[in-house]
Amino acid sequence: MKWKKLVTLGCIVVMTVSSVTACGSNTTENQTVEATEQSEENQSDSVIVQVTAVEGDQITADVGTLTTASADASGNGAPGGEAPGGDDSGNGAPGEAPSGEAPSGDAPGGQMPGGSSFEASGESITFTLTDDTAITLEYLQGSDEGTADDIAVGSVLEVVLDEDNQAVSVTVRNLNAGGGFGGSGEVTNGTSANTITEDTEVDSETYTSTGDDENALRVDGATVTLKDITIEKTAGSSSNTEDGDFYGLNAGLLVLNGATATITGATVNTSVTNGNGVFSYGEGTVVNISDSTIRTTENNSGGIQTTGGGTMNTTNLDVETQGNSAAAIRSDRGGGMVNVDGGSYVTNGTGSPAIYCTADISVSDATLTANASEGVVVEGKNSVALTDCDVTGNMSNTYNGDSDENIHCIMIYQSMSGDADVGEATFSAEGGSITAKTGDMFYITNTDCEITLKDVAFTLANDVFLRVEGNSSSRGWGTEGANGGDVTLTADSQEFTGNILVDEISSMVLTMKNGTSYEGAINPDGDGGTVDVTLDDNSTWTLTGDSYITSFDGDTSNITANGYHLYVNGEQVL
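Each value, and the rule that gives it
- By convention here, each chain's residues receive numbers from 1 onward along its written sequence.
- The model is predicted, so local features are restricted to residues of pLDDT at least 70 and side-chain atom pairs to those at 80 or more, both for listing and for counting; the totals for chains, interfaces and linings are taken over all residues.
- In computing side-chain properties, one takes all heavy atoms of the structure into account and sets aside hydrogens as well as water.
- The rule is simple: take the accessible area with a 1.4 Å probe, protein chains only, and divide by the maximum for that residue type; under 20% is buried, over 50% is exposed, in between is partly exposed.
- Runs of H or I in DSSP of at least four residues are treated as helices and runs of E of at least two as strands, each being numbered from the N terminus.
- Strands were regarded as paired on the criterion that DSSP finds at least two bridges between them.
- One speaks of a salt bridge when a side-chain nitrogen belonging to Lys or Arg is within 4 Å of a carboxyl oxygen belonging to Asp or Glu.

1. Comments concerning the pairing of strand β36 (residues 425–430)
Now for step 1: Here β36 shows a clear split, with Ala425, Phe427 and Ala429 buried on one side and none of Thr426, Ser428 and Glu430 buried on the other.
Now for step 2: The pairing of strand β33 (residues 383–387) with β36 spans 5 bridges and is classified as parallel. Its bridge partner being in β36, Thr387 is matched across the sheet by Glu430.
Now for step 3: Here 6 bridges tie β36 to strand β39 (residues 447–454), and the two strands are oriented parallel to one another. Bridge pairing in β39 links Glu430 to Lys454.

In structure tokens form, the structure reads like this:
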């Protein structure tokens, strides 16, 4: 998820979010609704409601309160996130911090630990949205501006009404917020068994650590060359999984504070939670690492990790991880830039894609294999560019089978955790191959994205090439009914097969050009969102089922009906 992290539930606290008086109802007589006062300071003219009907600008909703489950006393909050899958050990539930990996810690099939649930009071109101209504989307961390389209049946809102029963402001509440996903609330890197703070060159040294929250080696603000070193992080617990995901606490090698570390021939081994192998943290920090081997065995322990605006440049690495939420190429809160040239990147845990992206990541001539997870996950306004790579995804389940979300090889989404900026994601692949061992090839939800494909060899596990659809929002991925995807897909000199499914709250613009060949059906059931297709004179489309699209730009003579029909805006054209 976002994939966010799991956390042991402590006590359950019932609280009323605000003291309220609201006017208006769905009866002929105005009703006054009051919520229990928390304190004099917290009183406001707001009301907590859950939407039961949306008719144009008229919203009908049940009035109620929120029940909040606290995080555990350990302060670990939800474990860090990564790919949507993950274990329930509490060591970094299925995901990774939003800006880090698969959505860190989404609780398997419902609200996240530390989140809230709505309790209806038995009363309801009807109010009006206007052009002046300020709409805000609440994330796990922070908020952003929203629109009326973000309000759907089932949404929980905090509403301020004026005397005419019009909404002055609406906050679309994220019931997973407040679950402790922000780590310690400040940058917390922990300690280090060995620290280099002066410019130097090091050859054939061994650095070890067995302490809690401790790096085996830290390079702090210096320009350092490290040749044939060995890093061994064999013991030492992590006091806060998010701090490990975000800031490098408990990592094998941590480079920070604008340092530049050039590393060749290194051997890095970790066997602890948050034991990320090599970690680049912070603006101005640069790690250049080549011809090195990295092995991690525990949860939330990526091979290479980049956060806070750092840079990671790698050449010919041999990376393998065993734990859950342990992407081989991993980023988290604050993102950065990652450039990978050659090498092998293998993961074996749930929620551990070969790449988990909340940064700008470019990979060329590499082998990327996820044995129990998606091959690649892109979250939010970030990008993955693959050139001549061989990618394999084998996602066995989500959250140990507790989630009914679909299985897929490449996922592009927005977790709403606040760790990845909201905006258009980008995925491109040129040359190489992408193999799905299970599920759909692509899954896009709760985000806008641009996908560009050129001369990639695809191997599908089922008959779905691309699925663009909303989700149940049980993991905080937007609001159910308003969390579809908007995709621009350009296939350039590309052969591909499989169905394309776009649900009614999603859209797609598909362009096929320069000799592209597509064999498949688009929305064969006849229902779905807006789909615009452009087919140039050098490209072909062979139908494998009836297809329903909104518009078509091209010559239908380049389409082989194959016994099926093409419908454009409801009219049969083939």
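Additional details are given in the paragraphs that follow.
2. Things to note about the pattern of salt bridges
Now for step 1: Per the counting criterion, the structure on display carries 5 salt bridges.
Now for step 2: With a closest N to O distance of 3.0 Å, Arg330 and Asp245 form a salt bridge. With Arg330 in strand β27 (residues 329–331) and Asp245 in helix α1 (residues 241–247), the pair connects residues that are 85 residues apart, well separated along the chain.
Now for step 3: For Asp245, a relative accessible area of 0% corresponds to the buried category.
Now for step 4: Across the pair Arg467 and Asp440 runs a salt bridge, and its minimum N-O distance is 2.6 Å. A residue pair is termed long-range when its members are at least 10 positions apart, and Arg467 in strand β41 (residues 464–468) and Asp440 in strand β38 (residues 440–445) qualify at 27 residues. Both residues of the pair, Arg467 and Asp440, count as buried.
Now for step 5: Members of the salt-bridge network, linked through shared partners, are Asp440, Arg467 and Glu469.

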